[in-house]
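An overview of the molecular structure
Each chain, written out:
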Amino acid sequence: MERIIIFCMLFFSSSMVLTATPQKLKYRQIMKTIDKLQTAVKNEDAELLHTPENPEDGCLFTAVTCFQNETWKLQPKISQENSEFIKQVKILRKPLLRSSDTPCESSCESYEKKGPKDFLKGFAKLMKQVIR
């Protein structure tokens, strides 16, 4: 009887680890992509982007969506790197969070506009909040 209980506990705990792993892997891929873009993004003479900072409780989905929508405005430093750059931006555009039922009062346009490098730093900071 004890062996069955131990087996069931091990089976249940291992299945929980397996279900949590793909999401964490997705978040790690996002963080690596943000790091790659930090060095490849054009920062001078670039369009300023809405950069959510310290989103209110319940507004995490809205803030992440704002970042994802603004990533299309990023430009590579060197135009020859355009195809690889677009691939990295597409990685950032993949769905990350489920929509929350809580209405969020702030919109993307309500956030301050910043340069591309600060934008990516803000995105990385927000993703660290999501991972926790």
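Residues numbered from 1 in each chain as written. Predicted model: local features only at pLDDT ≥ 70, side-chain atom pairs only at ≥ 80, totals over all residues. Heavy atoms only, no water.

Taking an unreviewed UniProt entry as the reference, the chain is identified by name as Interleukin belonging to Nothocercus julius. Regarding the chain, the relevant UniProt record gives this comment under Subcellular location (unreviewed entry): "Secreted". Recorded in UniProt for the chain, the comment headed Sequence similarities (unreviewed entry) runs: "Belongs to the IL-15/IL-21 family." (UniProt positions renumbered as here; feature names shortened; annotations may be inferred.)

Two cysteines joined by a covalent bond between their sulfur atoms form a disulfide. One pass over the full model with this rule turns up two disulfides. Between Cys59 and Cys104 runs a disulfide, and the two sulfur atoms are separated by 2.0 Å. The sign of the S-S torsion, about 115°, decides the handedness of the disulfide formed by Cys59 and Cys104: right-handed. Of this pair, Cys59 sits in the loop between β1 (49–50) and α2 (60–70) while Cys104 sits in the loop between α3 (82–93) and β2 (113–114), and the two are 45 residues apart along the sequence. Exposure remark for Cys104: the relative accessible area of 23% places this residue in the partly exposed category. Bridging Cys66 to Cys108, the disulfide has an S-S length of 1.9 Å. Where Cys66 bonds to Cys108 through sulfur, the torsion about that S-S bond is close to 55°, and the disulfide is right-handed. Within this pair, whereas Cys66 is found in helix α2, its partner Cys108 is found in the loop between α3 and β2, the two being separated by 42 residues in sequence. The class of Cys108 is buried, set by a relative accessible area of 13%. Looking at the chain, its bonded cysteines, counted consecutively from the start of the sequence, adopt the pairing 1-3, 2-4. (Disulfide = S-S within 2.5 Å. Helix = DSSP H or I, 4+ residues; strand = E, 2+ residues; numbered from the N terminus. Buried < 20%, exposed > 50% of the residue type's maximum accessible area, 1.4 Å probe, protein only.)

Okay, the nonpolar core next. In terms of nonpolar packing, the biggest core is built from 23 residues, with Ile34, Leu37, Leu74, Phe85, Leu120 and Met127 touching the most fellow members. Those elements that place two or more of their residues in this core are α1 (2–40), α2, α3 and α4 (116–131). Sorting elements by how many residues they give to this core places α4 first, with seven residues. Setting aside residues up to four positions removed in sequence, Leu37 forms contacts with Leu74, Phe85, Gln88, Val89, Leu92 and Leu120. (Core = buried A, V, L, I, M, F, W, Y, C linked by side-chain atoms within 4.5 Å. Contact = heavy atoms within 4.5 Å.)

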